[in-house]
Amino acid sequence: MSRPHITAGFLPLLDSALLVLAHEMGFAEAEGFTLGLTRESSWANIRDRTALGHFDISLMLAPMPIASSLGLTPIATPMIAPVMTGLGNNAITVSANLWKAMADAGAPGDLAAGPAGAALARVVRTGGKKLRFGVVHQTSSHNYELRYWLASSGIRPDLDVEIVVLPPPLLPEALGSGSLDGYCVGEPWNSVGVANHGARIATTKSSIWQSSPDKAIGMRSDWADRHPDWVAGIIRAIYRAGEWCQRDVHRQQAAEIMARPAYLDLPVDIVTRALTGQIDDGAHVTAIPDFFTPHAGAANFPWKSHALWYYSQMVRWGEAEASPANADRAAATFRPDLYRAALAGKGIALPAEDFRSSGDQAQRHAVPATNGTVELGPNRFFDGAVFDPARLDDYIAGQSSR
Amino acid sequence: MPSPDLSILIIDENRIRASIIEEGLREAGHARVAVIHDVNEVGRTIAETAPDVIVIDLENPKRDTLEHFFSLSRAIQRPIAMFVDRSDGATIEKAVEAGVSAYVVDGLKKERVKPILDMAVSRFNAFSRLTRELEEARSALEERKIIDQAKGILMKTRGLSEPDAYALLRKTAMNQNRRMVDIAQSLVTAASLLGP
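Residues numbered from 1 in each chain as written. Chains lettered and ligands numbered in written order. Predicted model: local features only at pLDDT ≥ 70, side-chain atom pairs only at ≥ 80, totals over all residues. Heavy atoms only, no water.

Colleague: Please set out helix H6 (residues 162-176) of chain B residue by residue, giving values where relevant.
Modeller: Each α-helix winds once per 3.6 residues, and so residues spaced three or four apart point in a common direction. An ideal rise of 1.5 Å per residue puts 21 Å on 15 residues; H6(B) measures up with 21 Å between its terminal C-alpha atoms. One or two residues past the end of H6(B) sits Asn177(B), with phi positive at roughly 55°. (Helix = DSSP H or I, 4+ residues; strand = E, 2+ residues; numbered from the N terminus. Expected span 1.5 Å × (residues − 1).)

Colleague: Tell me about the domain arrangement of chain A, residues and numbers included.
Modeller: Residues and elements named next belong to chain A. As far as domains go, chain A holds domain 1 (5-87 + 213-293) and domain 2 (90-208). If you average the C-alpha positions of domain 1 and of domain 2, the two centres end up 24 Å apart. Interface area, domain 1 with domain 2, both sides summed: about 2,300 Å², of which 67% is carbon and sulfur. At the surface where domain 1 touches domain 2, the tally comes to two salt bridges. Across the pair Asp281 and Arg200 runs a salt bridge, and its minimum N-O distance is 3.5 Å. Taken together, the connections running from domain 1 to domain 2 amount to seven residue pairs in polar contact (both at pLDDT 80 or more). For the side of domain 1 that touches domain 2, the elements supplying multiple residues, two or more each, are helix H3 (43-52), helix H4 (63-69), helix H14 (268-276) and strand S12 (278-280). (Domains from an automatic or database assignment. Buried area = accessible area lost by both parts, 1.4 Å probe. Salt bridge = Lys/Arg side-chain N within 4 Å of Asp/Glu carboxyl O. Polar contact = N/O pair within 3.5 Å; in protein donor to acceptor, adjacent residues only side chain to side chain.)

Colleague: Hey, could you go over the packing of aromatic side chains for me, with residue numbers and the actual values?
Modeller: All names here are of chain A. A complete count under the given rule lists 14 aromatic pairs over all chains for this structure. Ring centres of Tyr148 and Phe382 lie 6.4 Å apart, and the angle between their planes is 75°; on these two criteria the pair is classed as edge-to-face. Taken together, the residues span a long stretch of sequence, with Tyr148 in helix H7 (residues 141-152) and Phe382 in the loop between strand S16 (372-376) and helix H18 (392-397) at a distance of 234 residues. Of the residues examined, Tyr148 reaches a relative accessible area of 4% and is grouped as buried. Owing to a relative accessible area of 23%, Phe382 belongs among the partly exposed residues under this scheme. When the centroid spacing of 6.0 Å and the interplanar angle of 35° are considered together, the rings of Trp309 and Phe381 count as tilted. Taken together, the residues span a long stretch of sequence, with Trp309 in helix H15 (residues 304-316) and Phe381 in the loop between S16 and H18 at a distance of 72 residues. On the accessibility criterion, Phe381 (3% relative accessible area) is buried. Among the aromatic residues, those joined into a cluster by ring pairs are Tyr144, Tyr148, Trp209, Trp309, Tyr310, Phe381 and Phe382. One cation-aromatic arrangement involves Arg147 over Trp317; the distance from NZ or CZ to the ring centre is 5.0 Å. (Phe/Tyr/Trp six-rings, centres within 6.5 Å; stacked < 30°, edge-to-face > 60°. Buried < 20%, exposed > 50% of the residue type's maximum accessible area, 1.4 Å probe, protein only. Lys NZ or Arg CZ within 6 Å of the ring centre and 35° of its normal.)

Colleague: Could you give an account of the pairing of strand S2 (residues 33-36) of chain B, with specific residues and numbers?
Modeller: All names here are of chain B. Direction of pairing for strand S1 (residues 8-11) relative to S2: parallel, over a ladder of four bridges. By the bridge assignment, Ile11 is partnered in S2 with Ile36. A crossover links S1 with its parallel partner S2, the connecting element being helix H1 (residues 15-27), and its sense is right-handed. (Pairing = 2+ DSSP bridges. Right-handed = clockwise from strand over helix to strand, strands pointing away.)

Colleague: Before we move on, can you summarise the interface of chain B and chain A with the specific residues and values?
Modeller: Listed by partner, the interface residues are 17 residues for chain B and 24 residues for chain A. Where chain B abuts chain A, roughly 1,700 Å² becomes buried across the two surfaces, and 53% of that area is made up of carbon and sulfur atoms. For Arg47(A), the salt bridge identified is with Glu67(B), shortest N-O distance 2.7 Å. For the pair chain B and chain A, the number of links is ten residue pairs in polar contact (both at pLDDT 80 or more). Going through the elements one at a time, helix H3 (63-75) and helix H4 (89-98) of chain B are the ones with two or more residues in the side of chain B that touches chain A. (Contact = heavy atoms within 4.5 Å.)

Colleague: So what's going on with the UniProt feature "domain: ANTAR" (unreviewed entry) in chain B? Residues and values would help.
Modeller: Per the UniProt record, "domain: ANTAR" (unreviewed entry) is annotated on residues 127-188 of chain B. Structurally, residues 127-188 of chain B comprises 90% helix and 0% strand, and the distance from its first C-alpha atom to its last is 35 Å. (UniProt positions renumbered as here; feature names shortened; annotations may be inferred.)

Colleague: Any details on the sheet that holds strand S6 (residues 90-94) of chain A? Residues and values, ideally.
Modeller: Residue and element names in this part refer to chain A. Taken in spatial order, the five strands make up an open sheet running S8-S7-S9-S6-S10, and their pairing is mixed. Each edge of the open sheet carries a strand with a single partner, namely strand S8 (162-165) and strand S10 (200-204). Strand-to-strand twist across the sheet, computed as the mean angle between neighbouring axes with direction ignored, equals 25°. Judged from the five bridges that link them, S6 and strand S9 (residues 182-186) form a sheet pairing that is antiparallel. Bridging across to S9, Ala91 finds its partner in Val185. Most of the contacts of helix H5 (residues 96-104) go to S6, to which it runs at about 90°, and overall it touches S6, strand S7 (132-135) and S10. (Axes fitted to C-alpha atoms, helices over the stretch in contact; angles between N-to-C directions.)

Colleague: Can you break down the environment of Pro289(A) residue by residue, with the values?
Modeller: Positionally, Pro289(A) belongs in the loop between strand S13 (285-287) and strand S14 (292-293). Separated by 157 residues in sequence, Pro289(A) and Arg132(A) have C-alpha atoms that sit 30 Å apart.

Colleague: How would you summarise the nonpolar core if you had to cite specific residues and measurements?
Modeller: The nonpolar side chains of a soluble globular protein tend to be buried, and buried together. Residue and element names in this part refer to chain A. Of all hydrophobic cores here, the largest spans 90 residues; its most connected members are Leu19, Leu35, Trp43, Ile57 and Val271. Per element, the largest residue contribution to this core is ten residues, and it comes from helix H12 (residues 228-246). When near neighbours in sequence (up to four residues on either side) are disregarded, Ile57 contacts Ile6, Thr7, Ala8, Gly9, Leu19, Leu35, Ile217, Gly218, Met219, Trp223 and Ile234. Core analysis: the second largest hydrophobic core is formed by 56 residues, Trp149, Cys184, Ala330 and Phe334 among them. (Core = buried A, V, L, I, M, F, W, Y, C linked by side-chain atoms within 4.5 Å.)

Colleague: Which residues make up the sheet that holds strand S2 (residues 34-39) of chain A, and what are the values?
Modeller: Residues and elements named next belong to chain A. Taken in spatial order, the five strands make up an open sheet running S2-S1-S3-S11-S4, and their pairing is mixed. The sheet terminates laterally at S2 and strand S4 (79-84), the two strands that pair on one side only. Averaged over neighbouring strand pairs, the angle between their axes works out to 35° when direction is ignored. Relative to strand S3 (residues 57-61), strand S1 (residues 5-10) runs parallel, the two being bridged by two bridges. Paired with Ala8 across the strands is Ile57, a residue of S3. Taken strand by strand, H3 contacts S1, S3, S4 and strand S11 (215-220), and its axis lies near 140° from that of S3.

Colleague: An account of helix H16 (residues 324-333) of chain A is requested, with residue identities and associated values reported.
Modeller: Residues and elements named next belong to chain A. Considered for burial, the residues of H16 that qualify are Asn326, Ala327, Ala330, Ala331 and Thr333. The arc enclosing the buried residues of H16, seen along the axis, measures out at 155°, which places them on a common side. Away from the buried face of H16 by more than 90 degrees, exposed residues Pro324 and Asp328 are located. Contacts made by the buried residues of H16 are with H4, S4, H15 and H18. (Arc of directions from axis to C-beta.)

Given below as structure tokens:
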């Protein structure tokens, strides 16, 4: 029998690293399948072509399969996310002009979300032109993260500023031409803004919410049901790629692969920044070791509680209706059961629970695993809030909106 | 039956393709067709033309921008825009294969929209065919230039007439089971290496 050939869509983002490495470094091959990668031009195409079956799997914004399962997308199809492609890897970048105003308003320039947000709030309050921020897609971590940062800093995302959508590669230029004042995007598109358009990185995802999810490998749930062995192989290949990429000695090689024309088509230097956690914010280089975590701290594990947090934000911003059925559907989209089954019996410590709180741990800490314990990174939100999935309704009720 | 009263907006960065679709729709009796090439203009255009159907090329990286605009316009009491029909998988499939996507104002009957999407799909396919043929014609022209050059070399160096030079190239290609342009290219390369 010939090896299965699995088609996969991706966008030019560093978050596609594990998918690309699974192909380039032979982790897919080792699991008995080949990967056919197609670079797409928009998240809408990724979503529709995966829903139609043109792609078997895709690198997806983590909230995207949830939105599809909740029926919020044009071709509403139940989808699942059985493996994540890492934690962090986004930042919020602002124009040189906006940064000057923020610095004058007291932004210290240390990439910390709290002080940067407070300075932005002072800028917004002084009036003047309404600031315009770009995000990559509506149901994206970027949109929810940016809105969370703004709202917790005292800025009403739908009233005090304007939020528009543009695909990642077009954001830096839009900032450079003055049609945007800032944007929230995955790497390397923050570093491109810094390098080519005099932009300034204001804060990072790892500071807004530590150890937070961002992208997943998404697929139709009926496809996954028909091909359980392939799904297990995909989970293992992504897991192995993550393990490989996590090692510091491999980061440079990973950057060289990702910089190639078929993937990011950018100078290696730009791609290296996020992969090594050496973030050049436009003024100085700051070491942020957890900027992108491809594997450590159970970074590939699809926590159902993360799915519920995304759902809470969809409700907060009026995209989804709050109902127990919707909450169940959102949680059911993330499949830790498939993850555990695919990696069972390999001596790997896998999280034993499907849910955990976020915002309650300021340090590295151990949680129960199928095989002893597994260590997770700190998970604080910059505003000190705690998300307890067992008290979802209270969390939703306590959120500001608009 | 076409629905001539429908307002249709075409968004395509490719101006030629946009005008091909526009023409097709006008021929089918649609009088209210607007065309824009940049998604950023969509806000104003939607306000002016109130489209019932919006056709956009799938290659357009700003589909996300457009969809976001729809979600905003819902908030200002504009009807929600959606993909053609959730149940009509075959139509969607055909559209995506052709590289076109359509958004339809909520509540519009499927029968009224299908002819428009079918038209867009067939025009998109026709345009791809046209582009391919143009590409083929262009490379045929290139090939003829190379063959002419090779003929010239043979005529000059071996004192052949033009038909004989052509016949020699053709015979050599057949004997070696290669394309004539490849033989001609080798000859041109060799001649340039050997100098004038």
